[in-house]
Amino acid sequence: MKQIPGINQTTTTDLPVLKPMRTDVVPNSVTSTGFTRWLAELSVWHLSIITVVIFSFSTLANAANTYSTFDALDALWRWMPFLLTKGFFFNILISVLVMIIGTILGVLLGLGQISLFGWLRKFCWTITQFFRNSPWLVLLFVVMLAFPFQFTVFGFTVPVPDWLKAVIGLSLPIMANISEIVRGAVLSVPSGQWEAAESLAYTRTQTLWKIILPQSFKRMIPPWMNWYAILTMATPLVSILGVNDILKLSRDAMESEGNQPELLVPFYTFILLLFFIYCYPIAKWTQYLENKFNVRG
Amino acid sequence: MTDSTQQASSWTPDQPMVSIKEVHKSFGDLEVLKGVSMDVMKGEVICIIGPSGSGKSTLIRCINALNDIQKGSILVEGLEVNTPNLDKLELRKKVGMVFQQFNLFPHLTVLENLTIGPIRVRKLSKADAEHNARKYLERVYIPEQADKYPSQLSGGQQQRVAIARSLCMETRVMLFDEPTSALDPEMINEVLDVMVNLADTGMTMVCVTHEMGFARKVADTMVFMDQGEIVESATPEKFFTQPETERCKAFLQQILVH
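If you're wondering where the values come from, they're calculated on a predicted model, not measured in any experiment.

> Got a minute to help me understand the overall build of chain B in this structure?
Broken down by element type, chain B carries 10 helices and 10 strands. With the C-alpha coordinates of chain B rotated into their principal frame, the extents come out at 55 × 50 × 35 Å. Here chain B holds 258 residues, and the buried ones make up 55% of them. By sequence separation, contacts in chain B at least 24 residues apart represent 65% of the contacts at least 6 residues apart. A total accessible area of about 11,400 Å² is found for chain B, and carbon and sulfur atoms account for 48% of it.

> What's the story with the sheet that holds strand E8 (residues 204–208) of chain B in this structure? I'm lost.
All names here are of chain B. If you trace the 6 strands from one edge of the open sheet to the other, you get E6-E7-E8-E3-E9-E10, paired in mixed fashion. Each edge of the open sheet carries a strand with a single partner, namely strand E6 (95–98) and strand E10 (229–234). In this sheet, neighbouring strand axes are inclined to one another by 20 degrees on average, regardless of whether the strands run parallel or antiparallel. Against the sheet, helix H6 (residues 155–168) engages E6 and strand E7 (173–177), with an angle of about 175 degrees to E6. Strands in contact with helix H10 (residues 246–256) are strand E3 (45–49), strand E9 (221–226) and E10; relative to E9, the strand with the most contacts, it is inclined by about 100 degrees.

> Would you mind showing me how to read the packing of helix H4 (residues 69–113) of chain A against helix H9 (residues 204–234) of chain A here?
In a packed pair of helices, the relevant descriptors are the angle between the two axes and the axis-to-axis distance. All names here are of chain A. Relative orientation of the contacting elements H4 and H9 amounts to 145 degrees, with a least axis distance of 11 Å. Between H4 and H9 lies a crossing whose hand is right-handed. Counting all contacts with H4, which are made through Ile-92, Ser-95, Val-96, Val-98, Met-99, Thr-103 and Leu-111, the residues of H9 involved are Leu-208, Trp-209, Leu-213, Trp-224, Trp-227, Tyr-228, Leu-231 and Thr-232.

> Hey, could you run me through H4(A) in this one?
For the α-helix, the turn length of 3.6 residues means that residues three or four positions removed from each other point alike. The end-to-end C-alpha separation of H4(A) is 55 Å, well short of the 66 Å expected for 45 residues at 1.5 Å each. Along its length, H4(A) reaches its greatest deviation from straightness, about 50 degrees, at A:Leu83.

> I'm lost on the side chain of B:Lys56 in this one. Help?
All names here are of chain B. With respect to the secondary-structure elements, Lys-56 resides in helix H2 (residues 56–63). Put simply, Lys-56 is tucked away with no salt bridge, and the nearest opposite charge, on Glu-178, sits 4.2 Å away. Among the polar contacts listed, one links the side chain of Lys-56 to the backbone oxygen of Gly-50, at a separation of 3.0 Å. Aside from chain neighbours lying at most four places away, what touches Lys-56 is Ile-48, Ile-49, Gly-50, Pro-51, Glu-178, Val-208, His-210 and Met-225.

> Explanation requested: helix H4 (residues 110–121) of chain B in the structure shown.
Judged by how many residues are buried, H4(B) sits mostly within the fold: 9 of 12 residues are covered. Of all the positions in H4(B), only B:Val110, B:Leu111, B:Asn113, B:Leu114, B:Thr115, B:Ile116, B:Gly117, B:Pro118 and B:Val121 are classed as buried. Buried positions along H4(B) lie against H9 of chain A together with helix H3 (88–94), helix H5 (126–139) and H6 of chain B. In the segment just after H4(B), B:Lys123 is the residue with positive phi, at about 55 degrees.

> Would you mind showing me how to read the pairing of E3(B) here?
Side-chain direction in a regular strand flips from residue to residue, so the side chains alternate between the two faces of the sheet. Residues and elements named next belong to chain B. Burial runs high along E3: 5 of the 5 residues are buried. The two faces of E3 match: Val-45, Cys-47 and Ile-49 on one face and Ile-46 and Ile-48 on the other face are all buried. In terms of strand pairing, E3 meets E9 through 4 bridges, oriented parallel. Within the sheet, the bridge partner assigned to Cys-47 lies in E9 and is Met-222.

> Even after reading the chapter, I still don't get the interface of chain A and chain B, so can you show me in this structure?
Many analyses report the size of an interface as the accessible area lost when the parts associate. Counting residues at the interface gives 15 residues for chain A and 21 residues for chain B. For the pair chain A and chain B, the two sides together bury roughly 1,600 Å², of which 60% comes from carbon and sulfur. Considering only the side of chain A, the residues that lose the most area to chain B are A:Glu198, A:Ser199 and A:Leu200, jointly responsible for 35% of the buried surface there. For the side of chain A that touches chain B, the elements supplying multiple residues, two or more each, are helix H8 (191–199) and H9 of chain A. At 7 residues, H8(A) tops the list of elements feeding residues into the side of chain A that touches chain B. A breakdown of the residues in the side of chain A that touches chain B according to their chemical character gives 7 nonpolar, 5 polar and 3 charged.

> What is the right way to look at empty space enclosed by the protein in this model?
One water molecule sets the probe size; rolling that probe over the atoms shows where empty space is left. All told, the structure shown has 2 cavities of 30 Å³ or more when counted by the stated rule. Of the voids in this model, the largest cavity is the one considered here, and its volume is about 80 Å³. Of all the secondary-structure elements, those providing two or more residues to the lining of the largest cavity are H8 of chain A together with E6 and H6 of chain B. Residue contributions to the lining of the largest cavity peak at 4 residues, all from E6(B). Here the residues of the lining of the largest cavity are counted per class, giving 9 nonpolar, 4 polar and 2 charged.

> Just checking my understanding: could you explain unusual backbone geometry for this structure?
Most peptide bonds take the trans configuration, and most residues that are not glycine carry a negative phi. Residue A:Ala201 is not a glycine yet carries a positive backbone phi of 70 degrees. Note that A:Ala201 resides in the loop between H8 and H9.

> I keep staring at the nonpolar core and nothing clicks. Help me out?
Within soluble globular proteins, side chains that are nonpolar generally end up buried alongside one another. If you look at the biggest cluster of nonpolar residues, it comprises 96 residues, and the most contacted ones within it are B:Met38, B:Ile48 and B:Ile74. B:Met38 has contacts with B:Val18, B:Ser19, B:Ile20, B:Ile46, B:Ile48, B:Leu59, B:Val206, B:Val223 and B:Ile230, leaving out every residue within four places of it along the chain.

> Looking at this structure, I do not really get the environment of A:Ser48. What am I missing?
Along the polypeptide, A:Ser48 turns up in helix H3 (residues 44–61). With 225 residues separating them along the chain, A:Ser48 and A:Leu273 place their C-alpha atoms 9.7 Å apart.

> Hey, could you run me through the confidence of the model for chain A in this one?
Caution applies to low-pLDDT parts of the model: their predicted coordinates are not meant to be read in detail. Per-residue confidence for chain A gives a mean pLDDT of 84, with 84% of residues at or over 70. At the low end of the mean pLDDT range in chain A sits helix H1 (residues 28–31) of chain A, at 50; at the high end sits helix H5 (residues 118–132) of chain A, at 95.

> Quick question: what am I supposed to make of the sheet that holds strand E4 (residues 71–76) of chain B here?
By way of backbone hydrogen bonds, the strands of a sheet pair with one another, either parallel or antiparallel. Residues and elements named next belong to chain B. The 4 strands are arranged E2-E1-E4-E5 in an open sheet whose pairing can be described as antiparallel. Only two strands of the sheet have a single neighbouring strand rather than two, namely strand E2 (30–40) and strand E5 (79–80). Note that strand E1 (residues 18–27) and E4 share 5 bridges and pair antiparallel. Its bridge partner lying in E4, Lys-21 is registered against Ser-73.

> Can you help me understand the pattern of salt bridges in this one?
Should the charged atoms of two oppositely charged side chains come close, the side chains can pair. In the structure shown here, the tally under the stated rule is 18 salt bridges over all chains. The partner of A:Glu198 in a salt bridge is B:Lys88, with the nearest N and O atoms 3.8 Å apart. Taken as a pair, A:Glu198 in helix H8 and B:Lys88 in helix H3 lie in two separate chains rather than in one. On the accessibility criterion, A:Glu198 (22% relative accessible area) is partly exposed. Three or more residues joined by partner-sharing salt bridges are found here, namely A:Asp74, A:Arg78 and A:Glu257.

Conventions we followed
Residues numbered from 1 in each chain as written. Chains lettered and ligands numbered in written order. Predicted model: local features only at pLDDT ≥ 70, side-chain atom pairs only at ≥ 80, totals over all residues. Heavy atoms only, no water. Helix = DSSP H or I, 4+ residues; strand = E, 2+ residues; numbered from the N terminus. Buried < 20%, exposed > 50% of the residue type's maximum accessible area, 1.4 Å probe, protein only. Contact = heavy atoms within 4.5 Å. Areas by Shrake-Rupley, 256 points an atom, 1.4 Å probe, with all protein chains shown as cover. Pairing = 2+ DSSP bridges. Axes fitted to C-alpha atoms, helices over the stretch in contact; angles between N-to-C directions. Left-handed = near helix turned anticlockwise from the far one by under 90°. Expected span 1.5 Å × (residues − 1). Bend = angle between axes of the 7 residues up to and from the residue. Lys, Arg positive; Asp, Glu negative; His and termini not counted. Salt bridge = Lys/Arg side-chain N within 4 Å of Asp/Glu carboxyl O. Polar contact = N/O pair within 3.5 Å; in protein donor to acceptor, adjacent residues only side chain to side chain. Buried area = accessible area lost by both parts, 1.4 Å probe. Nonpolar A, V, L, I, M, F, W, Y, C, P; charged D, E, K, R; others polar. 1 Å grid on protein atoms, 1.4 Å probe; cavity = no way out; pocket = protein on both sides within 12 Å on 5 of 7 lines; lining within 4 Å. Points joined across faces, edges and corners; volume = space filled by probe spheres on them. Core = buried A, V, L, I, M, F, W, Y, C linked by side-chain atoms within 4.5 Å. pLDDT = per-residue confidence, 0-100.

Dropping the structure here:
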């Protein structure tokens, strides 16, 4: 065999070997679908087992009490239609509105982050970082307390209901995270694409809309859905501020049932199950799309 | 703007199509072009060779205004490239470029890759643009791949599509930035064949390449660059048989003797 100078072909080495590096790593924000990934890997069996354990434990613990778990389940059964149609539906409505507003603002902010104008880029970056790194509950409080409950334009008094403020409050962090998704996805398109388009006499705007965004769109979908699932889970936060979401209405229901401690487990388990049933398919779908688009290489 | 159009109108075909004078280019502290001058006549094929980091690619990217220059002048048919109010659209109608990594648009079919430029820039109708595109696909020997996506093609085929895409713009000069360096060895020839064919039809070409056989065959002028300077420039015959400078001799020694 022909010897290549400097390369020993007969012996192996004990020294650590530098493995070839992956160069196609996509920016973190694009692939941050960790939450839905975790959720999608839960099985229905896990959940059923957890539910059964919780129920039987509470039944045993309260065996001496006159108000039984069966009474509590009966109460839950009676309240269920109300909680679903008035409570949970409202959570979904909030999540959809927040997502629409957050996506529109987030896309604008994300595009601002890749603007050629330095001042606009810095401005959008600052907004993005600020709202990405703020606790959602604090943002909610700030919006709730800082916004007027009504304002007057041209003699018309427009009320601002609490739920609308809650939507605005939740839109801010969603906006910031979507801004990062957009920025990351655009930057993950190789620079050669920009250069090739430029060589074909495309302007920057034409390149962005015709070449870059169509390619990055696919990469944005899974993380976008991931944020939707996270957001939906976070909607009960608005109950703290008096918005009639499922959590608030459940507490009201339990109160009207006499605040029996046996009510707690069935009611809260019911809420958990509702969110699970809603979010689990989203998580599965996200995972499916992510594999399909092959974002992780 | 008015300045450059005036210059453009004063250009005549007997003048160099591309005229590069005393071009300086730095990336931060790193000076990559140290006063490069070169003329490209109409129909001339120039092959630029040299060790990596010698500034070959940067030079041709500067012609296409993908990199800006700090000092000097680049005239393309009388259009000054080194000016802040450069009409880039006008420049790109004159200059086409083929990249080492092909840079085809993966979300578009081959035909769409070939037509989006002409439709937008040369204002062709879709039908005309597609007719043209098929003509040029024929010329790069892959008319049957028109409706596929780039990822379904081999590297050699992709690079030929990239050449066709540039041809569709019907530019005056074609720049090739190491067009075969990213290809598997068995695909290099199919791309070089297309380029030889192109040179034979009288296209003005500036190629950065490592393919000496190809260069020797098609080049009217060989240019050897090292450390940001043009060290030697000669006809291929003289260049490969009697190089004048030591640096050039040493480089040819390294690549030709195995």
